[in-house]
2 protein chains.
Amino acid sequence: MSQRLFTFIGGNKGPWRVTGIDALIGDSLPFANRPEIIAGAEVPIRKDAAWVLRGITSNERYVTRDEKTGLAARQQGLGRPEARCAALIPIRKNPQWWALTQDERRRIFEERTKHIQLGLGYLPAVARRLHHCRDLSENEPFDFLTFFEYAPAHEADFDRLVAELRACEEWNYVEREVDIRLARDDA
Amino acid sequence: MSQRLFTFIGGNKGPWRVTGIDALIGDSLPFANRPEIIAGAEVPIRKDAAWVLRGITSNERYVTRDEKTGLAARQQGLGRPEARCAALIPIRKNPQWWALTQDERRRIFEERTKHIQLGLGYLPAVARRLHHCRDLSENEPFDFLTFFEYAPAHEADFDRLVAELRACEEWNYVEREVDIRLARDDA
């Protein structure tokens, strides 16, 4: 079975250095120097961690087959040597979002926000892994953790992508968003 | 926050008596006399439990607004005094199902299997709570636990409902299904 569960530990270890933590909506997270990213259920205890966030990759909730084919043709994986910048963006949506039905959420997500089409425009520069948190337990602090990687030359593109998404209707339903920017030591 | 996490402990306690455990697809579960149903994350340790299954209620994945309105107008909740029969049906779907995109899953689920329409025909007799397991951890034994309650007079109707679902295309993607039937002591 492929690994689906990932834990992000806000501590002092690992290849990524935090360059900024920005609370866009709601409460921020305490500063941490380096997030450690652990795959699987066995997570080391780090007593000095400022935060621990967990998420699990899962089946896609909105993408159609045509969209998936378009994404798969262009997207690249995490871990490219040139991708020396990254962002971890935890998000929580509000109860109104979760009370919507599938057709209503899809309409906002893609027909009105064009979430998938917007992201497609930034491929292959921006690589991404989406982790779901909402159904891990009753009391997760976020619903989603998205981890993005890109080359330093594409930082402005990435800023434009997240700004475009934040200006769209889907973001009316976001009640907490923290933007954690990261760089490899040689970036 | 409303409680979403439920644990079913296959032990010797609680108001429901097991009247049969039937493995329809794949491995069965060991026999247990009485399942205990615990809401919330604090779960008592029962060393004699034959099995422990967890699931979390979540947002709907397929239902449209029109379908939800139709369901809400007819469905009743768990715990009706006349509902002295119940079934706990854990299901796991295969990797092919989870690799489908949302439009493909919806097409099989409703346009071809008519899962929602079929269930609607058995309301309000059959009450139901769906629990998701797949994203609780990487290694849950099932993807869904559905708990149904109905009056003894509707047992044959319930048998017909599950038989109709099992004959449909969606069930080609079920790789494990156990049907645990329960009765209150006075049923």
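What you see as residue numbers is a count from 1 along each chain, following the sequence as written. By the order in which they are written, chains take letters starting at A while ligands take numbers starting at 1. Where totals are concerned, whole chains, interfaces and linings use all residues; where local detail is concerned, this predicted model gives features only for residues with pLDDT of at least 70, and gives and counts side-chain atom pairs only at 80 or more. Processing note: side-chain calculations cover all non-hydrogen atoms of the structure and skip hydrogens and water entirely.

S.K.: Describe the overall build of chain A, with residues and values.
M.R.: Numbering goes from the N terminus for both helices and strands, where a helix is a DSSP run of H or I of at least four residues and a strand is a run of E of at least two. In terms of helices and strands, chain A carries five helices and eight strands. Traced from its N-terminal end to its C-terminal end, chain A shows the element sequence β-β-β-β-α-β-α-α-α-β-β-α-β. Partly exposed describes any residue whose relative accessible area lies between the buried limit of under 20% and the exposed limit of over 50%, with all areas from a 1.4 Å probe on protein chains only and scaled to the type maximum. The proportion of buried residues among the 187 residues of chain A is 52%. When contacts within chain A are restricted to residue pairs at least 6 apart in sequence, long-range pairs at least 24 apart make up 78% of them. We call two residues in contact whenever any of their non-hydrogen atoms come within 4.5 Å of each other.

S.K.: Which residues make up the relation of the copies chain A and chain B, and what values go with them?
M.R.: For the least-squares superposition of copies, only C-alpha atoms count, and only for residues with pLDDT at least 70 in both. Superposition of chain A onto chain B requires a rotation of 180° combined with a translation of 0.0 Å along the rotation axis, giving an RMSD of 0.0 Å. Between the two chains, the operation in question is that of a two-fold axis. The C-alpha atom lying nearest the rotation axis in chain A is that of L136(A); the distance is 2.1 Å. Take the interface residues of chain A: 100% of them recur as interface residues in chain B, which is what a same-surface contact looks like.

S.K.: Which residues make up the interface of chain A and chain B, and what values go with them?
M.R.: The interface is formed by 32 residues belonging to chain A together with 32 residues belonging to chain B. Between chain A and chain B the total buried area reaches about 2,600 Å² when both faces are included, carbon and sulfur atoms providing 41% of it. Salt bridges are identified by distance alone: a Lys or Arg side-chain nitrogen within 4 Å of an Asp or Glu carboxyl oxygen. The tally of links between chain A and chain B comes to six salt bridges. Of the charged contacts, one joins R4(A) and D135(B) as a salt bridge, the two residues approaching to 2.5 Å between their closest N and O atoms. Defined here as a combined quantity, buried area equals the accessible surface (1.4 Å probe) lost by two parts on assembly, summed across both.

S.K.: Could you give an account of the pattern of salt bridges, naming the residues involved and the relevant values?
M.R.: Pairs can form between side chains of opposite charge once their charged atoms are near each other. Residues and elements named next belong to chain A. The final tally for this structure, using the stated rule, is 38 salt bridges over all chains. For E169, the salt bridge goes to R112, with nearest N and O atoms at 2.6 Å. Residue E169 is located in the loop between α5 (155-166) and β8 (174-184), and its partner R112 is located in helix α3 (residues 102-112); the two are separated by 57 residues in the primary sequence. For E169, a relative accessible area of 26% translates into the label partly exposed. Taken together, the shared-partner salt bridges in this structure form one network comprising D159, R166, E177, D179 and R181.

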